[in-house]
Amino acid sequence: MKIIKWVLFIVFVPVVLFGLYIVFLSFTNYSPDEQVVQYENKLAPKLNDTLTFSLLTWNIGYAGLDQSMDFFYDGGALVRPSKANSLRNLEGILQTMKKYHNADFLLLQEVDVRAKRSYRINQYETISHHFPDYSKSMGLNYNVRFVPMPPTEPLGKVMSGLSIFSKTEPVKSTRYSFPGNYSWPMSMVMLDRCFLVNEYPLDNGKKLMVINTHNSAYDNGSLRKQQMDFMKSILIDLYNQKNYVIAGGDWNQCPFEFIPKFENDIFDTIDLIYLDANYPQKDWTWAYDSTIPTNRRVRTPYSKGKTPCTVIDYFLCSPNIRVEKVNGRMLNFEYSDHQPVEITIKLL
């Protein structure tokens, strides 16, 4: 009889704890509206529409996915580096970004606010402190009280998102929720993907719309298609309002018919997904550097010439924007599993 009681106890307790955890997640689940205004200033200064503008996009990987790291979501084992390495990575990211001190807009992804994986360092405020002359805005896309994976070392609390730092103040910053998600209950511990739209008034009465996006990964492509279809309508609508539109970020898919020209690294063809031709409409321009990989596979630590790499970080420009140049920066993935890309544009 005692054996039966112990067996029932061993079975019953985990079931109850799991049930309580699901209830906890349900009550604390982050579920923002489709559109949320993050910041607004109707008196924001106007930009000169004859200027040339430069933008930088970089997924900083919460300063936790340096070249020595693998990652459990990609088949590795690790979640975060040591605290010393995390701080070293963040400092390296800051020093690299300072080399782009003339950039008008900094588009960053995977910037932690409070997260166990980055030792609860507020990276958003740290970056802001190092760029005091920049206006800042953020859209959260990962806000979970406790992520239980992997079981041996849970990811724990995560609060993270994408941010735009700009030399001038936007008149408005709006977070747009992407449609589609994982099925319940997985949806409660995964990212709530979004893109951030900042509006900058111009002397000619129009606006420069700067968009920072971070599309889904770890799916069969169906989530990414839903997201791109939704974004398409927003992009076309903004452009039809006579605005200039540029979107940059981590698209988690390759440009249409992308052909890599890497000098040493090999092209990652695993689960390869390309964007559709003429997205969102004909005459829009995809701007990327095909010679520098922007992302590496993190199943294992980085090894030049052996680790599969790809280009999934780049920019999309409306027909009234001319791309002057676009350059990736080769860092050998020293501080992140992504590498920065800079673009210079001219408004027509």
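Criteria and cut-off values
Residues numbered from 1 in each chain as written. Predicted model: local features only at pLDDT ≥ 70, side-chain atom pairs only at ≥ 80, totals over all residues. Heavy atoms only, no water. Helix = DSSP H or I, 4+ residues; strand = E, 2+ residues; numbered from the N terminus. Salt bridge = Lys/Arg side-chain N within 4 Å of Asp/Glu carboxyl O. Buried < 20%, exposed > 50% of the residue type's maximum accessible area, 1.4 Å probe, protein only. Arc of directions from axis to C-beta. Polar contact = N/O pair within 3.5 Å; in protein donor to acceptor, adjacent residues only side chain to side chain. Pairing = 2+ DSSP bridges. Axes fitted to C-alpha atoms, helices over the stretch in contact; angles between N-to-C directions. Left-handed = near helix turned anticlockwise from the far one by under 90°. Contact = heavy atoms within 4.5 Å. Nonpolar A, V, L, I, M, F, W, Y, C, P; charged D, E, K, R; others polar. Expected span 1.5 Å × (residues − 1).

**Notes on unusual backbone geometry**
Across the junction of Met149 and Pro150, the peptide omega takes the value -10°, indicating a cis bond. Within the fold, Pro150 resides in the loop between strand E4 (135–147) and strand E5 (156–166). In this model, Tyr279 is joined to Pro280 through a cis peptide bond whose omega is -10°. Although it is not a glycine, Ala63 adopts a positive phi angle of roughly 55°. For Ala63, the position within the fold is in the loop between strand E2 (52–59) and helix H2 (83–98). The phi dihedral of Phe333 is positive, around 55°, even though this residue is not glycine.

**Some details on the pattern of salt bridges**
What the rule picks out here adds up to ten salt bridges. A salt bridge links Arg297 to Asp268, with the shortest nitrogen-to-oxygen separation between them at 2.8 Å. Pair noted here: Arg297 is in the loop between strand E12 (295–296) and strand E13 (308–310) and Asp268 is in the loop between strand E10 (266–267) and strand E11 (285–287), with a separation of 29 residues, a long-range link. Ionic pairing is found between Arg322 and Glu324, a salt bridge with its closest N-O pair at 2.7 Å. Overall, Arg322 belongs to the partly exposed group, its relative accessible area being 40%.

**Overview of helix H3 (residues 123–130)**
Of the residues making up H3, those classed as buried are Gln123, Tyr124, Ile127 and Ser128. Viewed along the axis of H3, the buried residues span an arc of 140°, placing them on a single side of the element. Where H3 begins, one side-chain oxygen reaches toward the backbone nitrogen of Tyr124, 3.3 Å away; that side chain belongs to Asn122.

**Description of the pairing of strand E7 (residues 194–201)**
Here E7 lies mainly inside the structure; eight of its eight residues are buried. Residues Cys194, Leu196, Asn198 and Tyr200 of E7 are buried on one face, and the alternating residues Phe195, Val197, Glu199 and Pro201, pointing to the opposite face, are buried as well. Pairing between strand E6 (residues 172–177) and E7: six bridges, direction antiparallel. In the sheet register, Ser173 faces E7, and the bridge partner there is Asn198. Here E7 runs beside strand E8 (residues 207–214); their pairing, made up of seven bridges, is antiparallel. Of the residues in E8, the one forming a bridge with Leu196 is Asn212. Where E7 folds back onto E8 in an antiparallel hairpin, the turn is made up of five residues, including Gly205, whose phi is positive at roughly 90°.

**So, the sheet that holds E12**
Strand order in this open sheet of three strands is E10-E13-E12, and the pairing throughout is mixed. The open sheet has two edge strands with one neighbour each: E10 and E12. Note: E10 against E13, two bridges, orientation parallel. Bridge assignment links Ile266 to a residue of E13, and that residue is Pro308.

**Section: the packing of H2 against H3**
The angle between the axes and the distance between the axes are what describe a pair of packed helices. Where H2 meets H3, the axes come as close as 11 Å, and the angle between the chain directions of the two elements is 35°. Here the hand of the crossing between H2 and H3 comes out right-handed. Between H2 and H3, the contacting residues are Leu90, Leu94, Met97 and Lys98 on the first element and Gln123, Thr126, Ile127 and His130 on the second. Residues of the contact of H2 with H3, tallied by class, amount to four nonpolar, three polar and one charged.

**Comments concerning the environment of Val245**
Within the secondary structure, Val245 sits in strand E9 (residues 244–250). For Val245, a relative accessible area of 0% gives the class buried. Taking the C-alpha atoms as reference points, Val245 and Met209, 36 residues apart in sequence, are found 4.8 Å from one another.

**Describing helix H4 (residues 222–240)**
End to end, H4 covers 27 Å across 19 residues, agreeing with the expected 27 Å (1.5 Å per residue, within 8%). Buried within H4 we find Leu223, Arg224, Gln227, Met228, Phe230, Met231, Ile234, Leu235, Ile236 and Leu238. Of the surrounding elements, those touching the buried residues of H4 are E6, E7, E8, E9, E11 and strand E14 (313–317). Positive backbone phi, approximately 70°, marks Lys242, located one or two places after H4.

**Quick notes on the pairing of E2**
Put simply, side chains in a regular strand alternate between the two faces of the sheet. Among the eight residues of E2, seven are classified as buried, and the element is accordingly described as predominantly covered. Looking at chain direction, E2 and strand E16 (residues 341–347) are connected through six bridges and run antiparallel. Looking at E16, one finds that Thr57 is bridged to Val341. When E2 meets strand E3 (residues 105–115), the two strands line up parallel, connected through five bridges. Looking across to E3, one finds that Leu56 is bridged to Leu106.

**What to know about the sheet that holds E16**
Strand order in this open sheet of six strands is E4-E5-E3-E2-E16-E15, and the pairing throughout is mixed. Every interior strand has two partners, whereas the edge strands, E4 and strand E15 (321–328), have only one. Here the strands of the sheet are splayed against their neighbours by 20° on average, with no regard to which way each runs. Most of the contacts of H2 go to E2, to which it runs at about 165°, and overall it touches E2 and E3.

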